[in-house]
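# Structural description and commentary
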Amino acid sequence: MAAWSEILEEARQDLGFTGEVVPRNLKGIRAALKPERLADLDAELSALSEGAIFDAFLDAWWTQALADSASSVEDRERAIDFADLAISLRVLRSGGGPGLHAG
C-alpha cells in the first residue's frame, strides 16, 4: 500500500491542488473546521466504534475540514475534488473498503 503522503502528492499533482492540506486526524480536522460544525463532529464521534467506520468518519470530516479551510468557492470545489481523489486512491490501494465523501 502506498504511503498517505504519496497518495496526497499524487492527488495534488493530478488535480493541480495548491490549497492547504489539513492533517487527516482529529486535531487537524477540529482546527480547520468552522466553529459551528464542532458540535456535529463531537456528536458523530461519540457514536462511533473503531475500524472501517472510524476511517469513513475521518474521510468525511477531513473533506469538510479541507472545504472549510478554502478561501473561495473555487478553492472549496478544488479541495473537495482533491479529498475525493485522495480518499479513493487510499481505498483502492488498501484493497477496497468503505468510503464516505462529504462536502
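Below is a short write-up of the structure. Positions within a chain are numbered from 1, following the residues in the order the chain's sequence is written. Only residues with pLDDT of at least 70 get local features here, since the model is predicted, and only at 80 or more are side-chain atom pairs given and counted; chain-wide, interface and lining totals rely on the full set of residues. With hydrogens and water set aside, each side-chain value is computed from the structure's full complement of heavy atoms.

## Focus on the overall build of the protein chain
Counting from the N terminus, the helices are the DSSP runs of H or I reaching at least four residues and the strands are the DSSP runs of E reaching at least two. The secondary structure content of the protein chain amounts to five helices and zero strands. Traced from its N-terminal end to its C-terminal end, the protein chain shows the element sequence α-α-α-α-α. C-alpha atoms define the radius of gyration in this analysis, and the globule rule sets the expected value at 2.2 Å times the number of residues to the power 0.38. A compact globule built from 103 residues would reach a C-alpha radius of gyration of about 13 Å, and the protein chain, at 13 Å, matches this within 12%. When its C-alpha atoms are laid out on the principal axes, the protein chain stretches across 35 × 35 × 20 Å. Sequence-distant contacts, at least 24 apart, represent 63% of the contacts inside the protein chain between residues at least 6 apart. The accessible surface values rely on the Shrake-Rupley method and a 1.4 Å probe; as for residues, cover is taken only from the protein chains in view. Put simply, the protein chain shows about 5700 Å² of open surface, and 52% of that area lies on carbon and sulfur atoms. Side-chain charges of the protein chain comprise 10 positive and 18 negative groups, with the mean position of each set lying 3 Å from the other. Note on contacts: a residue pair qualifies if any of its non-hydrogen atoms lie within 4.5 Å across the two residues. Working convention for charge: Lys and Arg count positive, Asp and Glu count negative, and His plus the chain ends are omitted. Note that the charge is assigned to NZ on lysines, CZ on arginines, CG on aspartates and CD on glutamates.

## Here's the deal with the nonpolar core
Counting residues in each nonpolar core, the largest one holds 23 residues, and the members touching the most others are Ile-29, Trp-62, Leu-66 and Phe-82. Counting only elements with at least two residues in this core, the list comes to α1 (4-15), α2 (26-32), α4 (52-69) and α5 (73-93). At seven residues, the largest contribution of residues to this core is made by α5. Once you skip the residues sitting within four places of it in the chain, Ile-29 turns out to touch Val-22, Pro-23, Leu-41, Leu-58, Trp-61, Trp-62 and Ala-65. Nonpolar cores are built from buried Ala, Val, Leu, Ile, Met, Phe, Trp, Tyr and Cys residues. Side-chain atoms within 4.5 Å join them into one set. Categorising residues by exposure relies on relative accessible area from a 1.4 Å probe, with only protein chains included: less than 20% of the type maximum marks a residue as buried, more than 50% marks it as exposed, and the intermediate range marks it as partly exposed.

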